[in-house]
Amino acid sequence: MRQADLPDPDQLALRIQRGERAAVAGGLNLLDNKLPDARRRAARLLALLSAERRLNNGHLIGVTGPPGTGKSTLVCAMIREWRRVGKTVGVLAVDPSSRPELGGGALLGDRIRIKNVSYDEGLFIRSLANRNQLGGVATEVWPMSWLMLACFDIVVIETVGVGQTEIDIAEVADTVCYVAQPASGDAIQYLKSGIIEIPDVFAVNKSDLGAPAQKTAAEIGRSAPRQDRHEEWDYPVCLVSAAMNTGIKPLLDHIKRHRSFVAEAGLLDKLRSRHHAAWVMRLLKEEFGTFGLELVGGMAAVSERLVQHQTPHFEEYEHLRQRVLSRFQSEKQFSKFTKKEHSDEQATV
Ligand SMILES: Nc1nc2c(ncn2[C@@H]2O[C@H](COP(=O)(O)OP(=O)(O)O)[C@@H](O)[C@H]2O)c(=O)[nH]1
Ligand SMILES: [Mg+2]
């Protein structure tokens, strides 16, 4: 993209806040552009959107779990219910198993298009099928989900749970919903691992299969944490059938209740601030490594500064990047200088 083609962030922010889907698509493309000018514009765009109060009403929901448990089918059913009550929905689908070339299930977008033939202005889906980092969520997901939150009432991130993914998703979403299926060894394996601490709401899908679904729900119910992140939260376990469209409303009620719970406990801002700091650290580490972070004060110091800082994290991130880059630059000069000095020294010996 030529520089002249890059959108004006102020204009784009207004259009995104008005709910223009084309602007959302344009904004996501800008976030994907790694050229310096695009990065500056993207940081400005995200800072403008973060300043918007509307974000505080939005709900960022992570839907995760092993492949084949019915996450995409369930997200479709959830979307139908949200749209029925007039909520606008944005979806980021990070699902490598949906990649047609891997012979996986249909892409979420295709499935929705099959079911809802008519074009829906209140629904936006971006598939990031190719972005799934092995054992984690691609770093783009964080700014992208935040941009979408400025436009839609609800933003869903669908990911396949493989350990690290769940940890990542818990660092983006306000509420994490884990999808399990009846009598699956995966769920039991999961319960035994430490990852049980992460989800806020559990959905046992395929309840149409009968008794095994109830058994799995009971097992999860017995193992779900009672007191960890938020003392009073009850970690509900819901029996649903995405295919038969049953149990969806109670599940959505629990997800919404979790959002209210976090907000009323005064934890939402803290949670999001912590998430933002964690992602800035990830982005910096991905780009510059531990050495890069050391150049601007080390991991702990940067992290602390981010959590306490009042400026938008996207701007702070760009600022930190620039600092690392200029430190790298002067380190390079320095090492050139010292090498020269060293060889001069040797020459004189
Ligand atoms: N019996 C039954 N099958 C389901 C249900 N929901 C999804 N499935 C099936 O489970 C398979 C995996 O679904 P998908 O949504 O692609 O799972 P994902 O990999 O978790 O996104 C598909 O064959 C679905 O038709 C359900 O409620 N009941
Ligand atoms: Mg899927």
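Please read all numbers here as calculations on a predicted model, not as lab measurements.

S.K.: Which residues make up the overall build of the protein, and what values go with them?
M.R.: From N to C terminus, the protein includes 13 helices and seven strands. The proportion of buried residues among the 349 residues of the protein is 49%. Considering only contacts in the protein between residues 6 or more positions apart, those separated by 24 or more positions represent 77%. When the accessible area of the protein is evaluated, it comes to approximately 16,500 Å², of which 53% is carbon and sulfur surface.

S.K.: Hey, could you go over the state of the cysteines for me, with residue numbers and the actual values?
M.R.: Applying the stated rule across the entire model yields zero disulfides. Unpaired in this structure, Cys 177 has its nearest cysteine sulfur neighbour in Cys 238, at a distance of 7.3 Å. Residue classification places Cys 177 among the buried positions, given a relative accessible area of 0%.

S.K.: So what's going on with the pattern of salt bridges? Which residues, and what values?
M.R.: Counted according to the given criterion, the structure contains 15 salt bridges. One salt bridge in this structure joins Glu 20 and Arg 15, with 2.8 Å as the shortest N-O distance. Linking Arg 84 and Glu 81 is a salt bridge whose minimum nitrogen-to-oxygen distance equals 2.9 Å. Of this pair, Arg 84 and Glu 81 are both found in helix 4 (residues 71–84), three residues apart, which corresponds to roughly one turn of the helix. Overall, Glu 81 belongs to the buried group, its relative accessible area being 15%.

S.K.: Could you give an account of the nonpolar core, naming the residues involved and the relevant values?
M.R.: Judged by nonpolar contacts, the single largest core of 53 residues is most densely connected at Ile 16, Val 24 and Leu 147. Counting residues per element, this core draws most heavily on helix 11 (residues 268–295), at eight residues. When residues no more than four places from it in sequence are discounted, the contact partners of Val 24 are Ile 16, Phe 124, Leu 147, Met 148, Cys 151 and Phe 152. Membership of the second largest hydrophobic core comes to 38 residues, among which are Met 78, Val 91, Val 262 and Leu 271.

S.K.: Can you tell me about the sheet that holds strand 5 (residues 175–180), naming the residues and giving the values?
M.R.: Taken in spatial order, the seven strands of this open sheet run 3-2-4-1-5-6-7, and their pairing is parallel. In this open sheet, the two edge strands, each paired with only one partner strand, are strand 3 (123–127) and strand 7 (237–239). Neighbour-to-neighbour, the strand axes of the sheet open up by a mean angle of 20°, direction not taken into account. Note that strand 6 (residues 201–204) and strand 7 share three bridges and pair parallel. Each bridged residue has a counterpart across the sheet, and for Val 204 the counterpart in strand 7 is Leu 239. Set on the sheet, helix 10 (residues 248–264) makes contact with strand 1 (59–64), strand 5, strand 6 and strand 7; between it and strand 5 the angle comes to about 150°.

S.K.: Could you give an account of the packing of aromatic side chains, with specific residues and numbers?
M.R.: For the structure on display, the rule yields five aromatic pairs. Geometrically, the ring pair formed by Phe 288 and Phe 328 is tilted, given 5.8 Å between the ring centres and 45° between the ring planes. With Phe 288 in helix 11 and Phe 328 in helix 13 (residues 313–348), this residue pair connects regions lying 40 residues apart in the sequence. A relative accessible area of 26% means that Phe 328 is categorised as partly exposed. Ring plane angle 50° and centroid distance 5.7 Å describe the contact between Phe 291 and Phe 328, whose orientation is recorded as tilted.

S.K.: How would you explain the pairing of strand 6 if you had to name every residue and give the values?
M.R.: In strand 6, alternate side chains face the same way, and those of Val 201 and Ala 203 on one face and Phe 202 and Val 204 on the other are all buried. Across four bridges, strand 5 lies against strand 6 in parallel orientation. From the neighbouring strand, Ala 180 faces strand 6, where its bridge partner is Val 204.

S.K.: Lay out the site of ligand 1 in plain terms, naming residues and giving numbers.
M.R.: Neighbouring ligand 1 are 17 residues; Gly 68, Lys 71, Ser 72, Thr 73 and Asp 208 lie closest to it. Gly 70 places a polar main-chain atom, nitrogen or oxygen, 3.0 Å from an oxygen atom of ligand 1. In this structure, an oxygen atom belonging to ligand 1 sits 3.1 Å away from a side-chain N or O atom of Ser 241. Taking 590 Å² as the accessible area of ligand 1 by itself, protein coverage stands at 72%. A total of three residues in the shell around ligand 1 trace back to one element, the largest contributor, which is helix 4. Here the shell around ligand 1 is built from residues that sort into four nonpolar, seven polar and six charged.

How each quantity is defined
- Residues numbered from 1 in each chain as written.
- Chains lettered and ligands numbered in written order.
- Predicted model: local features only at pLDDT ≥ 70, side-chain atom pairs only at ≥ 80, totals over all residues.
- Heavy atoms only, no water.
- Helix = DSSP H or I, 4+ residues; strand = E, 2+ residues; numbered from the N terminus.
- Buried < 20%, exposed > 50% of the residue type's maximum accessible area, 1.4 Å probe, protein only.
- Contact = heavy atoms within 4.5 Å.
- Areas by Shrake-Rupley, 256 points an atom, 1.4 Å probe, with all protein chains shown as cover.
- Disulfide = S-S within 2.5 Å.
- Salt bridge = Lys/Arg side-chain N within 4 Å of Asp/Glu carboxyl O.
- Core = buried A, V, L, I, M, F, W, Y, C linked by side-chain atoms within 4.5 Å.
- Pairing = 2+ DSSP bridges.
- Axes fitted to C-alpha atoms, helices over the stretch in contact; angles between N-to-C directions.
- Phe/Tyr/Trp six-rings, centres within 6.5 Å; stacked < 30°, edge-to-face > 60°.
- Near = heavy atom within 4 Å.
- Polar contact = N/O pair within 3.5 Å; in protein donor to acceptor, adjacent residues only side chain to side chain.
- Nonpolar A, V, L, I, M, F, W, Y, C, P; charged D, E, K, R; others polar.

None of the figures reported here should be taken as evidence of function without further support.
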